[in-house]
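What follows is the residue order along each chain.
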Amino acid sequence: MFYSIILMIIAVGLFYLVYRILKADKDVVLEILKYIVVVLLLWLAVCSIVAALRVAL
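Note that the structure is a prediction, hence the values are computed from the model and not measured. (Residues numbered from 1 in each chain as written. Predicted model: local features only at pLDDT ≥ 70, side-chain atom pairs only at ≥ 80, totals over all residues. Heavy atoms only, no water.)

Enquirer: Can you explain the packing of aromatic side chains? Please cite residues and give values.
Expert: In total, this model carries one aromatic pair according to the counting rule given. Summarising the aromatic geometry, the rings of Tyr 16 and Tyr 19 are spaced 6.5 Å apart at their centres and angled 35° between planes, so their arrangement reads as tilted. With a gap of three residues between them, Tyr 16 and Tyr 19 both fall in helix α1 (residues 2-22), about one helical turn apart. Here Tyr 16 falls in the exposed class, since its relative accessible area comes to 52%. The residue whose ring lies beneath Lys 34 is Tyr 35, and the NZ or CZ to ring-centre distance is 5.7 Å. (Phe/Tyr/Trp six-rings, centres within 6.5 Å; stacked < 30°, edge-to-face > 60°. Helix = DSSP H or I, 4+ residues; strand = E, 2+ residues; numbered from the N terminus. Buried < 20%, exposed > 50% of the residue type's maximum accessible area, 1.4 Å probe, protein only. Lys NZ or Arg CZ within 6 Å of the ring centre and 35° of its normal.)

Dropping the structure here:
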């Protein structure tokens, strides 16, 4: 149960990190890299939520 709480906290932190990355200054060269990082972090956050739900249920 404690494991699922930690995973949910990590997921919320990752979603906040994605929000901060999307609000960062615009730069043409780094735009593609920014969206790649955003997709990877969102994927990790969703995986954390799924893992937390599997442990809890």
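Let's pick the thread back up.
Enquirer: Report on helix α2 (residues 31-56), specifying residues and quantitative values.
Expert: Helix length check: α2, at 26 residues, gives a terminal C-alpha distance of 37 Å against a target of 38 Å (1.5 Å per residue), a fit within 8%. Where α2 is buried, its residues touch α1. (Expected span 1.5 Å × (residues − 1). Contact = heavy atoms within 4.5 Å.)

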